[in-house]
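# Residue-level structural notes
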Amino acid sequence: MRSKRLWTWMLSTTLVLFILAGCGGTTPAAPTEAPAAEPTAAAVEPTAAEEPTAAAEEPTAATEEEPVAEESDTSKFLVFGGSGEPDSLDSMNTTAGTALIVTRQLEEALINFAPGSLDLEPGLALSWEPNDNSTQWTFTLREGVKFHDGTDFNAEAVVFNYERLSDPEFEYGFRDEGNTFPIFPDIFGGFVGDENTIWESIEAVDEYTVVFNLTEPTPLFPNYVAAAYFGISSPQAIMDNGVKYGTPDVGGVGTGPFKFVEWNAGQNVILERNDEYWDDTARMPGVIFRFIDDAPQRLAELQAGAIDFTIHLSPDSRETIESDANLALTPLEPFNIAYLSMNINNPPFDDIRVRQAVAYAIDRQAILDGFYGGIGVIANSFLPEVMKWAEPDDIETFPYDPDKAKELLAEADYPDGFSTMTLPDGSEAPVELWYMPVSRPYYPTPQPVAEAFASYLADVGIQVELKTEDWGVYLDNWDAGTKYGLVMLGWTGDYGDPNNFLFTHFGPGNVAESGYDNQEVFDMLIAAGSANTQEDSAAMFQDAVRMITTDLPRLPIVHAPPVYAQSAALEGWIPSPTGGEPFTTVYIEK
């Protein structure tokens, strides 16, 4: 049965959002201990003079001896409305979509995805070949490519990048100063020398040939290195700047179609076209990535013409976009998962009955209908529709059943529910429910969804305190395992392999995040990833999904398509299922 409370709450919230959007306002903060960071984007309907660019100095008279250099005319730049600020412009040192959409313009991978698909095509590598059992891959690189700083792209540059990523002892990884490279253990199981890693080494054979060595057969290795995390940066820029590489002071230095100009904290990142790009140059002279946390504000700015295209709008904005002749929806199929994590090392969430009670307490169909416009599906596992062959038919699905939730809590000795949790040091603290301060494709309106979660949990006696923090800090603390209780997060796939959703979240590289440490699952996922055919891997993936569902360290919520929109005059934008694509073909007349 659906919850009437949610629909009453949704009606009142929708009215507030409508009124606020009309005034250019934002939603009121939830009554949390750590309220969401306030939006830092420029106000609705800025004039041309208010574009967030560096102020130009007054021109001085030119002389024949010293001609005055012209500054970039950013009024001609493409303007993208992003859903938040990047945490880094070093693609190898971030997992945030708000960062990767920018780094994809700067730092290129060895292999690309074809526009709008997961099919592979050459990038900085022209070709790649495995040995007989796919434990070794040889890549032939593109010649004559330069980094934005004028240094050469070659095999040594590739080795440098992957060694700083994979080897904790590598001199230029600057890990002691704060770099963490969090995606590497998620995908490969660990860094060099870790027990469960499938990574062995990388070597330069000659100037334009590199060899990757793995400890297990890895037929899908090319799909891994096509992910946006593996953009190649200039070794010289990294050595010169150390831990500051990727920050607003330095930005990113790659081989991509755009070059870094400046990062105005809280406002935007500005890139200009790379006119020496090795492939077809971009159609626009530059791109401004504006940081607009609030989804209604992004829509208002799109309607006002202050931005040219944007992402992660609220599902209820579809009707507004479709009824506006100046706007257009940009279609994209869901390739994501929204989930609620439970730290299984902390009582009471170390009890499977409590985790199951949380699952039965939440009406996910009402969440889908109320916050996603009913578009999408309830998630029974982490695998999106295109990978359902790897999901068994007989897993528990946890339909909405608050009475069942109360029974489970009583069995776990919490007949009246609970409001505290035990931290690793043994102290007691209020149960936290962390929600994201930015819109993401899987949670376009995270705070209202968190409030709905809290209401459902309160119905069965579980009292939570809503908390949030700056997006970069949120991710850092999650990676470090210092978020306790319940955590809202999600994932947009990076490549077409079930392990991108399973090993990335339930493999050995994720133990710190929520305490899930199941060697049998690790081994099964590694074996499934080593299989040569889908048929060979299907049974192993399905067994692993059964085990994960039984253990329930994270509750899958929904798979839902994000809402992307653009000016009707914009052309050439083909969003990637992975959530990051180059903007070389995007054009709008200005």
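Within each chain, residues carry numbers counting from 1 in the order of the written sequence. Per-residue local features of the predicted model are confined to residues with pLDDT of at least 70, and side-chain atom pairs are confined, for both listing and counting, to 80 or more; whole-chain, interface and lining totals are unaffected and use all residues. The side-chain quantities take in all heavy atoms of the structure and omit both hydrogens and water.

### Thoughts on helix α16 (residues 519-530)
The line we're drawing: To qualify as a helix, a DSSP run of H or I must reach at least 4 residues; to qualify as a strand, a run of E must reach at least 2; elements of each kind are numbered from the N terminus. One less than the residue count of a helix, multiplied by 1.5 Å, gives the span that helix is expected to have. The rule is simple: take the accessible area with a 1.4 Å probe, protein chains only, and divide by the maximum for that residue type; under 20% is buried, over 50% is exposed, in between is partly exposed. Only heavy atoms enter the contact rule, under which two residues are in contact if any of them lie within 4.5 Å.
Its twelve residues give α16 an end-to-end C-alpha distance of 16 Å, which sits within 8% of 16 Å, the value for a rise of 1.5 Å per residue. Within the span of α16, buried status applies to Val521, Phe522, Met524, Leu525, Ile526, Ala528, Gly529 and Ser530. Summarising the contacts, the buried residues of α16 are in contact with α14 (503-506), α15 (511-514) and α17 (534-551).

### Some thoughts on a negative patch on the surface
In plain terms, the rule: Patch definition: residues with relative accessible area over 30% and no salt bridge; like charges joined within 9 Å; nonpolar side chains (Val, Leu, Ile, Met, Phe, Trp, Tyr) joined within 5 Å. In this description, accessible areas are obtained by the Shrake-Rupley approach with a 1.4 Å probe, and a residue is regarded as covered only by the protein chains that are shown. In what follows, salt bridge is the name for a side-chain nitrogen of Lys or Arg lying within 4 Å of a carboxyl oxygen of Asp or Glu. Under the counting rule used here, the positive set is Lys and Arg, the negative set is Asp and Glu, and His together with the chain ends is not counted. Where a charge lies is defined by one atom per residue type: Lys uses NZ, Arg uses CZ, Asp uses CG and Glu uses CD.
Where like charges cluster on the molecular surface, the negative patch consists of Asp194, Glu195, Glu520 and Asp523. Here aspartate 194 lies in the loop between α4 (183-188) and β6 (199-206).

### Observations regarding the side chain of serine 234
To keep things clear, this is the line we draw: Polar contact criterion, stated in full: a pair of N or O atoms within 3.5 Å, where within protein one must be able to donate a hydrogen and the other to accept it, and residues adjacent in sequence count only if both atoms are side-chain atoms.
Mapped onto the fold, serine 234 is located in the loop between α5 (221-225) and α6 (235-241). A relative accessible area of 0% places serine 234 in the buried class. A distance of 3.1 Å separates the side chain of serine 234 from the backbone nitrogen of alanine 237, its partner in a polar contact. The contact partners of serine 234, leaving out residues within four places of it in the chain, are Phe147, Asp149, Thr151 and Val253.

### Overview of the sheet that holds strand β13 (residues 336-342)
Cut-off, in case you're wondering: Two strands pair if DSSP finds at least two bridges between them.
One open sheet accounts for six strands, arranged β14-β20-β13-β19-β17-β18; its pairing is mixed. Each of the sheet's edge strands pairs with one partner strand only, and the pair in question is β14 (377-378) and β18 (465-467). Bridge count between β13 and strand β19 (residues 486-492): seven bridges; the pairing is antiparallel. The residue bridging tyrosine 339 from the neighbouring strand is leucine 489, located in β19.

### Observations regarding empty space enclosed by the protein
Rolled over the atoms, a probe sized like a water molecule indicates the empty space that remains. Let me state the cut-off plainly: Lining residues are defined by having an atom within 4 Å of a point belonging to a cavity or pocket. Those points lie on a 1 Å grid over the protein atoms alone, cavities being sets where a 1.4 Å probe fits but cannot get out and pockets being open sets with protein on both sides within 12 Å along at least five of seven lines. Grid points are joined across faces, edges and corners, and a volume is the space filled by probe spheres set on the points. Three classes are used, and their members are as follows: Ala, Val, Leu, Ile, Met, Phe, Trp, Tyr, Cys and Pro are nonpolar, Asp, Glu, Lys and Arg are charged, and the others, Gly among them, are polar.
Tallying each qualifying case throughout the model produces three cavities of 30 Å³ or more. The wall of the largest cavity is formed by 15 residues, among which Ile187, Ile198, Tyr224, Asn499 and Phe503 lie closest to the centre. Secondary-structure elements contributing two or more residues to the lining of the largest cavity are α4, α14 and α16. The element that contributes the greatest number of residues to the lining of the largest cavity is α16, accounting for four residues. When grouped by side-chain class, the residues that make up the lining of the largest cavity number eight nonpolar, five polar and two charged. Considering only enclosed or pocket space, the second largest cavity measures out at about 90 Å³ in volume.

### Quick word on the environment of serine 117
Examined against the element boundaries, serine 117 turns out to sit in the loop between β2 (111-113) and β3 (120-122). Sequence spacing of serine 117 and proline 577 is 460 residues, and the spatial spacing of their C-alpha atoms is 6.5 Å. Only 3.1 Å separates the side chain of serine 117 from the backbone nitrogen of aspartate 119, close enough to count as a polar contact.

### A short note on the sheet that holds strand β4 (residues 125-130)
To keep things clear, this is the line we draw: Fitted lines through C-alpha atoms give the axes, limited to the stretch in contact for helices. The angle between two N-to-C directions lies from 0 to 180 degrees.
On the basis of which strands lie adjacent, the open sheet formed by four strands has the order β4-β5-β7-β6 and antiparallel pairing. Each having just a single partner strand, β4 and β6 make up the two edges of the open sheet. Going across the sheet, the axis of each strand differs from the next one's by a mean of 20°, ignoring polarity. Looking at chain direction, strand β5 (residues 136-141) and strand β7 (residues 209-214) are connected through five bridges and run antiparallel. Bridge pairing links tryptophan 137 to phenylalanine 212 in β7.

### Things to note about the pairing of strand β1 (residues 78-82)
One face of the sheet, then the other: side chains in a regular strand alternate in exactly this way. β1 sits mainly inside the fold: five of its five residues count as buried. Burial along β1 is two-sided: the face carrying Leu78, Phe80 and Gly82 and the face carrying Val79 and Gly81 are both buried. Where β1 lies against strand β10 (residues 286-291), five bridges are found, and the strand directions are parallel. Note that in β10 the partner of phenylalanine 80 across the bridge is phenylalanine 289.

### Quick look at the packing of helix α9 (residues 352-361) against helix α11 (residues 402-411)
Our working definition: Convention used here: angles under 35 degrees read as roughly parallel, angles over 145 as roughly antiparallel, angles from 65 to 115 as roughly perpendicular, and any remaining angle as oblique. Two helices crossing with the near one rotated counterclockwise from the far one by less than a right angle form a left-handed crossing, whereas a clockwise rotation gives a right-handed crossing.
Between α9 and α11, the least distance of the axes is 8 Å, while the angle of their chain directions is 165°. Taken together, the axes of α9 and α11 are roughly antiparallel relative to one another. Regarding α9 and α11, the two cross each other, and that crossing is left-handed. When α9 is examined against α11, the residues Arg353, Val354, Gln356, Ala357, Tyr360 and Ala361 are found in contact with a partner set consisting of Pro402, Lys404, Ala405, Leu408, Leu409 and Glu411.

### Topic: the pattern of salt bridges
Scanning the entire structure with this criterion turns up 13 salt bridges. For arginine 164, the salt bridge identified is with aspartate 90, shortest N-O distance 2.9 Å. Here the residue arginine 164 occupies a position in helix α3 (residues 155-166), and aspartate 90 occupies one in the loop between β1 and α2 (97-106), the gap between them amounting to 74 residues. Assigned by exposure class, arginine 164 and aspartate 90 land together as buried. Of the charged contacts, one joins glutamate 513 and arginine 554 as a salt bridge, the two residues approaching to 2.8 Å between their closest N and O atoms. With glutamate 513 in helix α15 and arginine 554 in strand β20 (residues 554-559), this residue pair connects regions lying 41 residues apart in the sequence. No difference in accessibility class separates glutamate 513 from arginine 554, as the two residues are buried.

### Structural notes on the packing of aromatic side chains
Put simply, the rule is: Centres within 6.5 Å make a pair out of two Phe, Tyr or Trp rings, where for Trp the six-membered ring is used; the pair is then stacked when the planes are under 30 degrees apart, edge-to-face when over 60, and tilted otherwise.
Applying the stated criterion across every chain yields a total of 45 aromatic pairs. Centre to centre, the rings of tyrosine 162 and phenylalanine 212 are 5.1 Å apart; their planes meet at 85°, and the pair counts as edge-to-face. With tyrosine 162 in helix α3 and phenylalanine 212 in strand β7, this pair connects stretches of sequence that are 50 residues apart. The same class applies to tyrosine 162 as to phenylalanine 212, namely buried. For the ring pair phenylalanine 335 and phenylalanine 501, a centre distance of 5.4 Å and an interplane angle of 80° mean the geometry is edge-to-face. Residue phenylalanine 335 is found in the loop between β12 (327-330) and β13, and its partner phenylalanine 501 is found in the loop between β19 and α14; the two are separated by 166 residues along the sequence.

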